[in-house]
Amino acid sequence: MTITAGTTTSASTFHRGRRLRRTAALRALVRETRLDPSMLVAPLFVRPGRNAREEIGSMPGQYRLSVDELAREGERLVAIGVRSVLLFGLPETKDPEGSGAWADDGIVQAGIRELRRAVGDELAVIADVCLCEYTSHGHCGVLSDASVDNDASLSLLARSAVSLAAAGADVVAPSAMMDGQVAAIRSALDEHGASQTAILAYAAKHASAFYGPFREAADSAPAFGDRRSYQMDPANGLEAVGELLADLDEGADMLMVKPALPALDLVAAARAATTVPIAAYQVSGEYAAICAAAERGWLDRRAAALESLTAIARAGAGILVTYFAADAAGWLADERAR
Ligand code: PBG
């Protein structure tokens with residue numbers, strides 16, 4: 001074969017990336033992002049009753065659990081290496097103020113106590129702090145004149161956080177997107193002897209279409225309007241960084257970006273802009289989309305889930321909140337055993 005100068009690149013002048021992709025061992029050696037089960041946080045829904053494990057229609061493989069089942073789930077997660085859960089509650093009754101959120105015998109408070117009895121400190125227990133699961137109107141704060149009253153909601157969110165901390169939550173995670181909620185919660189926790197309770201702020205939380213299945217799971221869809229007057233416009237990245245920094249300034253110990261895959265740029269920006277742990281929430285719609293496509297045979301569930309989680313970690317999240325947590329822990333163990 002004659003090689004004419006100028007028409008063919010000589011072998012030594014181009015980059016041979018394939019050299020390091022040739023075998024599984026080489027690929028493992030140069031892999032930049034590794035998932036570990038200890039990065040995973042399993043979101044769980046707590047409901048009234050005993051022995052109840054009720055599957056959520058829009059989220060196959062996810063359940064509303066009674067407190068005894070929650071404890072069993074906690075033990076199962078610890079056994080497979082998942083070290084953290086994020087709790088949401090389905091109260092027996094709802095009212096305009098969302099009083100179930102701060103009731104001492106509230107559903108999540110009861111769930112935390114039962115979990116502690118079962119697993120002690122083996123699990124880091126994170127409790128979501130919001131009113132939408134507890135208000136009869138489904139908004140994340142209290143209403144005045146049919147709009148969500150920011151400042152009137154702050155004391156209720158703070159009260160909820162104090163109550164969840166008293167029940168034994170290690171971390172409270174305010175997700176209501178009320179301005180000043182992190183500062184209000186931090187000072188209430190400190191005043192009530194909970195200075196060791198950490199805050200994971202849902203700092204950059206978009207008004208996202210991907211929360212749809214969650215609202216069915218938690219029965220928390222707003223009865224009127226939407227959440228766009230408090231959750232962020234997904235078009236705004238600079239504003240998201242502003243929200244992250246504001247929450248840090250108010251006393252957040254960790255920051256969360258939500259949703260995850262539609263906001264990977266914000267995960268990377270959060271990582272670059274701060275030194276605190278960064279979490280990303282692969283939300284219900286991200287989970288449901290992968291599950292639904294897999295059910296139709298259009299996606300490989302395991303591969304699509306692990307690729308997504310790896311991408312979220314690569315973007316800069318060290319904490320991955322995901323409904324795939326238990327499955328992913330199993331898949332990772334399986335890969336290690338190979
Ligand atoms: C509460 C809250 C929501 C989610 C987490 N916390 C619902 C919402 O904001 O409407 C969504 C989580 C998910 O979709 O998995 N405000």
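Not measured: the values here are computed from a predicted model.

K.L.:
Can you walk me through the overall build of the protein chain in this structure?
P.N.:
What the protein chain contains, in helices and strands, is 11 helices and 12 strands. Since a compact globule built from 338 residues should have a radius of gyration of about 20 Å, the 22 Å found for the protein chain is in line with a globular shape. Projected onto its principal axes, the C-alpha coordinates of the protein chain cover approximately 85 × 45 × 40 Å. Of all 338 residues assigned to the protein chain, the portion counted as buried reaches 53%. Counted over contacts in the protein chain with a minimum sequence separation of 6, partners at least 24 positions apart contribute 72%.

K.L.:
So what exactly am I meant to see when it comes to the site of the ligand here?
P.N.:
Looking at the ligand, there are 19 residues lining it, with K205, R215, K258, S284 and Y323 nearest. In the model, an oxygen atom of the ligand is placed 2.8 Å from a nitrogen or oxygen of the Q231 side chain. In the complex, the protein chains occlude 100% of the 400 Å² of accessible area that the ligand would expose alone. Looking at the shell around the ligand, the elements with two or more residues in it are β9 (198-205) and α6 (212-217). Tallied by class, the residues present in the shell around the ligand amount to 11 nonpolar, 3 polar and 5 charged.

K.L.:
Looking at this structure, how should I read helix α2 (residues 67-79)?
P.N.:
In an α-helix, one full turn covers 3.6 residues, which means residues spaced three or four apart are oriented alike. With 13 residues, α2 extends 19 Å between its outermost C-alpha atoms, agreeing within 8% with the 18 Å of an ideal straight helix rising 1.5 Å per residue. Packing partners of the buried residues in α2 comprise β1 (40-46), β2 (53-56), β3 (59-65), β4 (84-89), α3 (107-119) and α11 (325-337). Downstream of α2 by a residue or two, G81 has a phi angle that is positive, lying close to 100 degrees.

K.L.:
Explain the side chain of E133 here, please?
P.N.:
For E133, the position within the fold is in the loop between β5 (124-129) and β6 (143-144). Nearest to the buried, unbridged E133 among oppositely charged side chains is R227, at 7.6 Å. In contact with E133, other than residues within four places in its own chain, are F88, G89, P91, K94, D128, F214, A218 and S220.

K.L.:
Before we go on, may I ask you to explain a positive patch on the surface in this structure?
P.N.:
On the surface, a cluster of positive charge is contributed by R16, R18, R19 and R21. Tracing the backbone shows R21 in the segment before α1 (24-29).

Each value, and the rule that gives it
Residues numbered from 1 in each chain as written. Predicted model: local features only at pLDDT ≥ 70, side-chain atom pairs only at ≥ 80, totals over all residues. Heavy atoms only, no water. Helix = DSSP H or I, 4+ residues; strand = E, 2+ residues; numbered from the N terminus. Rg over C-alpha atoms; globule rule 2.2 N^0.38 Å. Buried < 20%, exposed > 50% of the residue type's maximum accessible area, 1.4 Å probe, protein only. Contact = heavy atoms within 4.5 Å. Near = heavy atom within 4 Å. Polar contact = N/O pair within 3.5 Å; in protein donor to acceptor, adjacent residues only side chain to side chain. Areas by Shrake-Rupley, 256 points an atom, 1.4 Å probe, with all protein chains shown as cover. Nonpolar A, V, L, I, M, F, W, Y, C, P; charged D, E, K, R; others polar. Expected span 1.5 Å × (residues − 1). Lys, Arg positive; Asp, Glu negative; His and termini not counted. Salt bridge = Lys/Arg side-chain N within 4 Å of Asp/Glu carboxyl O. Patch = residues over 30% accessible without salt bridge, like charges linked within 9 Å, V, L, I, M, F, W, Y side chains within 5 Å. Charge placed at Lys NZ, Arg CZ, Asp CG, Glu CD.

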